[in-house]
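Structural description and commentary
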Amino acid sequence: QVQLEESGGGLVQAGGSLRLSCVNSGRTFTTAMGWFRQAPGKEREFVAAINWSGSTTYYSDSVKGRFTISRDNAKSTVYLQMNSLKPADTAVYYCAADTSLRKIIGADDLPVDYWGKGTLVTVSS
């Protein structure tokens, strides 16, 4: 099975930075990975996605220019570098994986196959 485990969340002041990691501890056939987030009382939203080779990335408008997604396939790990953090970025961040990049970015209206348990990011003002 695919097992996704996020790490790197925590408390940071506005303007600071955090780097999230997501490791797949099992063998996988996925070709794309991504990050989503969910704040209390709000719906889960897309944050960023990356294809298998790392040559193509996608970002939501709210994080574009501040966040960077990358991957190290030798370590079966995807990263989310978060800079210039704002209180509005406070949420539980979830790692996701799927054979289809289109499903992760929402181009196909189908559920994403694999999810991690999430890591909490809190940005104070």
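Since we're looking at a predicted model, the values are computed, not measured. (Residues numbered from 1 in each chain as written. Predicted model: local features only at pLDDT ≥ 70, side-chain atom pairs only at ≥ 80, totals over all residues. Heavy atoms only, no water.)

Here we come to the sheet that holds strand β8 (residues 77–82). Read from one edge of the open sheet, four strands run β1-β3-β8-β7, paired in antiparallel fashion. Looking along the sheet, the strands with just one partner apiece sit at the ends: β1 (4–7) and β7 (67–72). Each adjacent strand pair in this sheet contributes to an overall mean axis angle of 15°, direction not counted. For β1 and strand β3 (residues 18–24), the ladder comprises four bridges, and the chain directions are antiparallel. Residue pairing in the sheet places Glu5 in a bridge with Val23 of β3. (Pairing = 2+ DSSP bridges. Helix = DSSP H or I, 4+ residues; strand = E, 2+ residues; numbered from the N terminus. Axes fitted to C-alpha atoms, helices over the stretch in contact; angles between N-to-C directions.)

Below, the discussion takes up the environment of Ser53. Relative to the helices and strands, Ser53 resides in the loop between β5 (45–51) and β6 (57–59). Separated by 34 residues in sequence, Ser53 and Pro87 have C-alpha atoms that sit 32 Å apart. Side-chain polar atoms of Ser53 contact the side chain of Ser55, separated by 2.9 Å. (Polar contact = N/O pair within 3.5 Å; in protein donor to acceptor, adjacent residues only side chain to side chain.)

Another aspect to go through is unusual backbone geometry. The residue Ser76 is not glycine, and still its phi comes out positive at about 50°. Within the element layout of this structure, Ser76 appears in the loop between β7 and β8. We note that Ser84 has phi near 50°; this positive angle belongs to a residue other than glycine. As for its position among the elements, Ser84 is in the loop between β8 and β9 (91–98). For Ser84, a relative accessible area of 41% gives the class partly exposed. (Buried < 20%, exposed > 50% of the residue type's maximum accessible area, 1.4 Å probe, protein only.)

Moving on to the environment of Arg102. Mapped onto the secondary structure, Arg102 falls in helix α1 (residues 101–105). Put simply, Arg102 and Ala74 are 28 residues apart on the chain and 24 Å apart in space, counted from C-alpha to C-alpha. In this structure Arg102 touches Ala107 and Asp108, once residues within four positions along its chain are discounted. Here the side chain of Arg102 touches Asp108 through a polar contact of 3.0 Å, side chain to side chain. (Contact = heavy atoms within 4.5 Å.)

These figures come from the coordinates and say nothing about function on their own.
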